[in-house]
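# Structure assessment
Read off the chains here:
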Amino acid sequence: MAVMTSTAPMSAIANALPTRHQALVPPLRKTGLLTPPRASQAPPLAGIARSKLQSSRGWSSSVCPFWIGHPASGLTVCVMVIPQSMSYANVAGLPYVYGMYSACVPTLVYALFGESRQLAVGPVAMVSLILRAGLIGKLSFEDCPQAYNGDEPKVWGVDQNVLCTDAYISLACAVAFMIGVINLLACVFKLSFLVSFLGHPVISGFSTGSAISIGCSQLKYFLGVKLPSTDNIVELICALAEQIRDVKPAPLILGTIFLSFLAITKRISKKNRRFRMLGPIGPLLTCMAGTLLVWAWPALREDYGVAHVGHVPGGGIPISLGSLKREVTWEHFQAIQVTTLESIAISKNLASQHGYPINAGQELLALGAANIVGSCFSCYPVTGSFSRSAVANTTGAQTQLAGVITALGMLLVLLFLTPLFYYLPMFALAAIVINSVTSLIAYDVAAELWRVKKWDFVLWFVAFLGTLFIGPLQGIGIAVLLSLVVIIYEAVRPQLTILWRVPGTSIFRSIDQETEGQFIPNVFIVRLGASMYFANASHVKDALLRYLDDLAEVDTTEYLVLELAGVLNIDATAAGVLQEIVEDFRSRGIRTAFAMVTRRAMRTMHKSNLVSFLGESWFFPTVNDAVRGCLTHQAAARQGLAVMDMDINTDAPNPHFNFISTEPEVGVSNDLFHQFTTVSIGLPRPIADLMPLLMEAFAAGDCRVVGAQADNVQHTYHLVGRGGQKLMRKDLEPLRVRLLELVGQICRGDHRPDSGDELDFGSQPEHPAAGAAAQDTAQSVAEALAAERLKIAQATQRAQDLEVKLRLLGGTLETAAA
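Residues numbered from 1 in each chain as written. Predicted model: local features only at pLDDT ≥ 70, side-chain atom pairs only at ≥ 80, totals over all residues. Heavy atoms only, no water.

With 21 residues, helix H24 (residues 472–492) extends 30 Å from end C-alpha to end C-alpha; this agrees with the ideal 30 Å at 1.5 Å per step. Where H24 is concerned, the buried positions are Pro-472, Leu-473, Gly-475, Ile-476, Ala-479, Leu-482, Ser-483 and Val-486. (Helix = DSSP H or I, 4+ residues; strand = E, 2+ residues; numbered from the N terminus. Expected span 1.5 Å × (residues − 1). Buried < 20%, exposed > 50% of the residue type's maximum accessible area, 1.4 Å probe, protein only.)

Glancing now at the state of the cysteines. Disulfide: a covalent bond formed between the sulfur atoms of two cysteine residues. Evaluated as defined, the whole model comprises 1 disulfide. Paired by a disulfide, Cys-144 and Cys-164 hold their sulfur atoms 1.8 Å apart. The S-S bond linking Cys-144 to Cys-164 shows a torsion near 80°; that makes this disulfide right-handed. Taken together, the residues Cys-144 in the loop between helix H8 (125–135) and strand E2 (148–149) and Cys-164 in the loop between helix H9 (160–163) and helix H10 (165–188) connect sequence positions 20 residues apart. (Disulfide = S-S within 2.5 Å.)

With that settled, the discussion passes to the packing of aromatic side chains. A complete count under the given rule lists 16 aromatic pairs for this structure. Aromatic side chains Phe-258 and Phe-427 sit 5.2 Å apart centroid to centroid with 80° between the ring planes, which places their arrangement in the edge-to-face category. Remark: Phe-427 occurs in helix H21 (residues 426–437) and Phe-258 occurs in helix H14 (residues 249–271); sequence separation between them is 169 residues. Across the pair, Phe-427 and Phe-258 agree in class, each one buried. With a centroid separation of 5.3 Å and 15° between ring planes, the pair formed by Trp-460 and Phe-464 is classed as stacked. (Phe/Tyr/Trp six-rings, centres within 6.5 Å; stacked < 30°, edge-to-face > 60°.)

Here the structure, examined in full by the defined rule, presents 10 salt bridges. Note that Glu-563 is salt-bridged to Arg-527, the shortest N-O span being 3.1 Å. With Glu-563 in strand E8 (residues 559–563) and Arg-527 in strand E7 (residues 523–528), the pair connects residues that are 36 residues apart, well separated along the chain. By relative accessible area, which is 6% here, Glu-563 ends up buried. Across the pair Glu-580 and Lys-541 runs a salt bridge, and its minimum N-O distance is 3.5 Å. Of the two residues, Glu-580 is situated in helix H26 (residues 572–587) and Lys-541 in helix H25 (residues 537–551); the sequence distance between them amounts to 39 residues. (Salt bridge = Lys/Arg side-chain N within 4 Å of Asp/Glu carboxyl O.)

This paragraph deals with the nonpolar core. Core analysis: the biggest nonpolar cluster contains 79 residues, and Met-86, Leu-94, Leu-131, Val-309, Tyr-380, Met-410 and Leu-429 have the highest contact counts within it. Take this core: its biggest share by element is 10 residues, from H21. The residues contacting Leu-94, other than those within four sequence positions of it, are Ala-89, Leu-131, Tyr-168, Ile-169, Ala-172 and Tyr-380. In terms of nonpolar packing, the next biggest core, distinct from the first, is built from 54 residues, Trp-500, Val-523, Val-577 and Leu-614 among them. (Core = buried A, V, L, I, M, F, W, Y, C linked by side-chain atoms within 4.5 Å. Contact = heavy atoms within 4.5 Å.)

Further remarks concern the environment of Leu-465. Here Leu-465 lies in helix H23 (residues 454–470). In this structure Leu-465 comes out as partly exposed when scored by relative accessible area, which is 29%. Each C-alpha atom, one on Leu-465 and one on Thr-208, is 9.5 Å from the other, the two residues being 257 residues apart in sequence.

Glancing now at the pairing of strand E14 (residues 714–720). The buried fraction of E14 is high, at 7 of 7 residues. Judged by which residues are buried, E14 turns out to be covered on both faces: Gln-714, Thr-716, His-718 and Val-720 on one side and His-715, Tyr-717 and Leu-719 on the other are all buried. When strand E12 (residues 677–682) meets E14, the two strands line up antiparallel, connected through 6 bridges. Residue pairing for E14: Ser-680 is matched across the bridge by Thr-716. Where strand E13 (residues 704–710) lies against E14, 6 bridges are found, and the strand directions are antiparallel. Among the inter-strand pairings, Val-705 is bridged to a residue of E14, identified as Leu-719. Following E13, the chain reverses through 3 residues before pairing antiparallel with E14. (Pairing = 2+ DSSP bridges.)

The contact between H8 and helix H11 (residues 200–217) brings their axes to 10 Å, and the two run at 75°. In this view, H8 runs roughly perpendicular relative to H11, as classed from their interaxial angle. Residue-level inspection shows Ala-125, Met-126, Leu-129 and Ile-130 of H8 in contact with H11, the latter providing Phe-206, Ser-207, Ser-210, Ser-213 and Ile-214. Tallied by class, residues from the contact of H8 with H11 come to 6 nonpolar, 3 polar and no charged. (Axes fitted to C-alpha atoms, helices over the stretch in contact; angles between N-to-C directions. Parallel < 35°, antiparallel > 145°, perpendicular 65-115°, else oblique. Nonpolar A, V, L, I, M, F, W, Y, C, P; charged D, E, K, R; others polar.)

On to empty space enclosed by the protein. This structure, assessed with the given rule, holds 2 cavities of 30 Å³ or more. Taken together, 21 residues form the lining of the largest cavity, with Thr-107, Leu-119, Ala-120, Ala-402 and Gly-403 sitting closest to its centre. For the lining of the largest cavity, the secondary structure elements donating two or more residues are helix H5 (66–91), helix H7 (105–113), strand E1 (120–122), helix H19 (386–394) and helix H20 (401–416). Element by element, the count of residues in the lining of the largest cavity is highest for H5, at 4 residues. (1 Å grid on protein atoms, 1.4 Å probe; cavity = no way out; pocket = protein on both sides within 12 Å on 5 of 7 lines; lining within 4 Å. Points joined across faces, edges and corners; volume = space filled by probe spheres on them.)

Printed below as a string of structure tokens:
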């Protein structure tokens, strides 16, 4: 397919600028905004990579106090990530130094390709937990023969990551590589929308369950006992109960003190800006204090059971290209959706605070590149960290250079400072992990979901229980399945909205939105709220049949009007079902009309011959036109006229089928607008000077008109009462009755209000018989009788409308009375 380009639109825009704005053209040309796109575009990865590398070269000119904010922010995050990365590597079942590798290389790669200027990429608690759950017990006999008795795996006692550390590390690096490849493929094929299949309730429930599981897994370092590496919290609690007598007081007391210190520093840093650096450096302070304590007091590690890290290898980062040849199963990738979604969400949140855009596809590319390059340098899967990103944001990070400084700081630590971690106590690292994951426990989100929507709370609770009591992999699997079930359920049951007319107007609104309305006799109007396809077409037909059966006792339906403004697309199956609906209803004596059909849906209807089968005259631009066409067809049929379908869809004025035909109509609504009450008046004929009379009447009734629109037979007024608020609901019906009486008298010509007349909206209308009794003429009695009959007819019609609405909502008159 040829691509046509033209410079005319861009140049026209430039030439159309006013003279005082012509100075803006050269800068715009430099940015490329006035340059048309080329016919051949570069491949997605090449183009994105080139643009990111170009933007990275402009770091030094994008921020004014360049050498102030970036080093401080980068070094602060580096100080924070050193103990965190070691702790998270332990959660993943890897040696401590591999967490430091993962905090170095991927951070640098993301800084080159990522769009977020504050996102801190590296090891996080949830990915570490899911990785361990997916890898423990997955090494084969060839990889780890020590873990097998023949062909059967040994009962837990020593995990595979301890027996076969090198094989376990290789598998973790292979998982990181494959996750990076999947992210890159998702970027190339624009599959970033897939990360949206997990809703906020599911993510929150999974995060809460994971946080509790991670915290419980660290208790063994506080208690000084050996606990099994299991994802089932019940098994963990049972094992802890069996070893409760072996608990060592020293690590428990010291760990509790350190955890309390971290919690206090975090709270102080959030509440007082003068101490905001205390939170990020708190973990490093605890590590330094713990290391000095264990080094200076040998009895702690020799007599009191305080475990410490031991030797941490230093020097450069080892290459792990050989690990990428390992086979990886699909169950290792169940964390991709959660971690990617959270990272993109963090990026967009930070970007919105600073006013720059974030592209989800670009983030997939950056995370994919970070994991692929990191897997070549002994790194396990990484993603964006919420806590470290928040620290980078508050400490002044304005470009990705802060991430480069963090990576360089980690490299210096790996080269020269690893011997300092030999006496780092395990309880200090455990305290850091527990303090980090407490922010993931979202009990407040659960309470809010219960208040707002119970079904969302069910999703949260199922994800939480599955993660906590079955395992993170199984929990996220259940959560994904449940989310898909909800999506499918909503998709196969599109919303069908019943419409009625706002009195005095040609506006048709939902019976749920508008509390006062009128149904058109013998015409049933339904709005479809979603695209129709093979999965939901039958539901639409069944729902329409149920509605018509419910209406049979109240009103005989002769016409069905389907508004399809919300139906963006129709497939072949749905077109066939629509034709079945037309045929079925035609056999019941019901004609079908369509209103506001979208262009794409109309094309499908033409191709499926539905338009030719039904007739083009039964397709209308608005609901009002469709109803008028149906009433025209009905009137002609009742008069015995031979009306062709082509004659009903006409733009010629037809006064007999303006819904306001012989008597005036008045509608008063608080639902059309939020800020004022709307009064709609429909007249059978134009009345001169009606608006000034109504304005005087509103003013006399203590109502202020804030907006008005009037043509020959249609008047609309926007009112507010005392205090500038819309009228009370209890005052609407008295207002409508009084206005209807006033307009009716004006239309009959027997009343012309003077400027001094008052309109009391709160009082009851005076009975016409009182005026009739005061006059002895037959004409007065006849007029009073006509007015009474009009009121009775209107009250009867309103009662019928309410009865129809009640039946459509699934109730009965008996239940309503009860």
